[in-house]
Amino acid sequence: MKANKWQPLFKKIGLKPKVLTAKHTFYTASTSISLDQTDPNSRVWFTKMLSSAIDPEEKRRIIGDTFVKIAGEVISELNLNPEEVFLGQGTLRPDLIESASSFASSKADAIKTHHNDTELVRKLRSQGRVVEPLCEFHKDEVRSLGRDLGLPLELVQRHPFPGPGLAIRILCAEEPFMEKDFSETSVLVKVITEYSSAILKNHALLNRIENATTEEEREILSQISSKQHLVSTLLPIKTVGVQGDSRTYSYVVGVSCDDEPDWDDLATLAKIIPRICHNINRVVYIFGDQVTQPVLDITPTFLTQGVLSILRQADHVATQVLLSTSYYNTISQMPIILIPIHFNRDVAARQSSCQRSIVIRTIITSDFMTGIPAIPNKHLPIELVKRMVSEISAVPNISRVLYDLTPKPPGTTEWE
């Protein structure tokens, strides 16, 4: 929310907010991270500036620590005693759980560091200088509190927005993510999406599918692949996910076809593929014609003003389309993600990768700990989704629009 919108709201309740323009401060910010967070005397390493950072954990920690540093500077400018100033945060229970905070669990694996639970915040918290009235509540419980307090429905049902902002909805990269298993995984996914023909050829990787699926699921795969020709494309990027109780950074696979897809079939594939291929966290549908060229490169992407501008425009038009309908409250959250992928480039002609793509990620959940995607033609009208795709596609320098069909888990709500 822009300052000119929330300033009057604060003034109505007697507060005089200090407005800061800290964009440049964040762009150029960096931080230090302990190599062993359990050891106060551990060595530290220094991150890159936010504008050139790639690792999502680095981005989150830089942003969280910079919030605290800016607050410290303001405290100093106002000649306040730091010992008498408290940091107020809207921290929720899942933030602490996913960050593996000792306040939530002593054994949990960190899924992702939340900006409100970085090392600097934890230091202030240990000093008793952080006020977090909602830290024992989950998002659904906070909404119940809001309703009990009589807050306006549009405020209570507003989609959560990440504290680090769009910075963690841009997959930054300077080179493709292609480990030794990339080629074999590409073939295995192709065998899954073309299962009926792979059986006839007695493909060597069929045993991988048999070991991870039931006979009923294999029959479903056969029916899906017999019904329409689906093309799978393994993308050389990685996103965060959860498998078991641990965080994973793994591939994304895209599925495309020339005809209108059967969305229920795609949703089924999105459940089965990550179970067979543990190195895949997400399954997405790629709108447009079949993807005919393999994707073996990425468009170098950092948190520059130009890249942020593209995502802001895409996020705005997608949100406005949803708000213009009665389906806003059907969806619990709808992150719009920018990925560094330029589809259908002629690799032989050495056409450079210069465009990026946008992912629509919808989540329906009651507790925000687990969830399902909103399936077109089931939870959302396909006309609504296509309108969203059309308006996002009109944003300059967008290659394709994709739709994330992955349940949570194995995919998290956010991609980073």
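Below is a short write-up of the structure. (Residues numbered from 1 in each chain as written. Predicted model: local features only at pLDDT ≥ 70, side-chain atom pairs only at ≥ 80, totals over all residues. Heavy atoms only, no water.)

## Concerning the environment of Ile75
Just so we agree on the cut-off: Think of it this way: any DSSP run of H or I at least four residues long counts as a helix, any run of E at least two long counts as a strand, and we number them from the N terminus. Each residue gets one of three labels from its accessible area relative to the maximum for its type: buried under 20%, exposed over 50%, partly exposed in between, using a 1.4 Å probe on protein chains only. The contact criterion used is simple: two residues touch if any of their non-hydrogen atoms lie within 4.5 Å.
Position of Ile75 relative to the elements: it lies in helix H3 (residues 56-77). Note on Ile75: relative accessible area 13%, which makes it buried. Along the chain, Ile75 and Ser144 lie 69 residues apart, while their C-alpha atoms are 34 Å from each other. Beyond its immediate stretch of four places on either side in the chain, Ile75 contacts Leu80, Pro82 and Val85.

## Brief notes about the packing of helix H8 (residues 182-193) against helix H12 (residues 263-276)
We apply this condition: The axes are straight lines fitted to the C-alpha atoms, using for helices just the contacting stretch, and the angles between their N-to-C directions are given from 0 to 180°. In this scheme, roughly parallel covers angles under 35 degrees and roughly antiparallel covers those over 145, while 65 to 115 is roughly perpendicular and the rest are oblique. Definitions for this section: a left-handed crossing has its near helix turned counterclockwise from the far helix by less than a right angle. A right-handed crossing has that turn clockwise.
At their nearest, the axes of H8 and H12 sit 11 Å apart, and the two run at 140° to each other. Of the possible angle classes, the one that applies to H8 and H12 is oblique. The two elements H8 and H12 meet at a crossing, and its hand is right-handed. Between H8, through Leu188, Ile192 and Thr193, and H12, the contact on the second element is made entirely by Leu269, Ile273 and Ile276.

## Regarding unusual backbone geometry
In the segment running from Lys408 into Pro409, the intervening peptide bond is cis, with an omega of -10°. Going from Pro409 to Pro410, the amide bond is cis rather than trans, its omega being 10°. Note on placement: Pro410 falls in the segment after strand S10 (398-404). The phi torsion at Phe368 lies on the positive side, around 65°, for a residue other than glycine. If you trace the backbone, Phe368 turns up in the loop between strand S9 (356-361) and helix H14 (382-393). Of note, Asn397 is a non-glycine position whose phi angle comes to about 70°, a positive value. The exposure class of Asn397 is partly exposed, given its relative accessible area of 46%.

These figures come from the coordinates and say nothing about function on their own.
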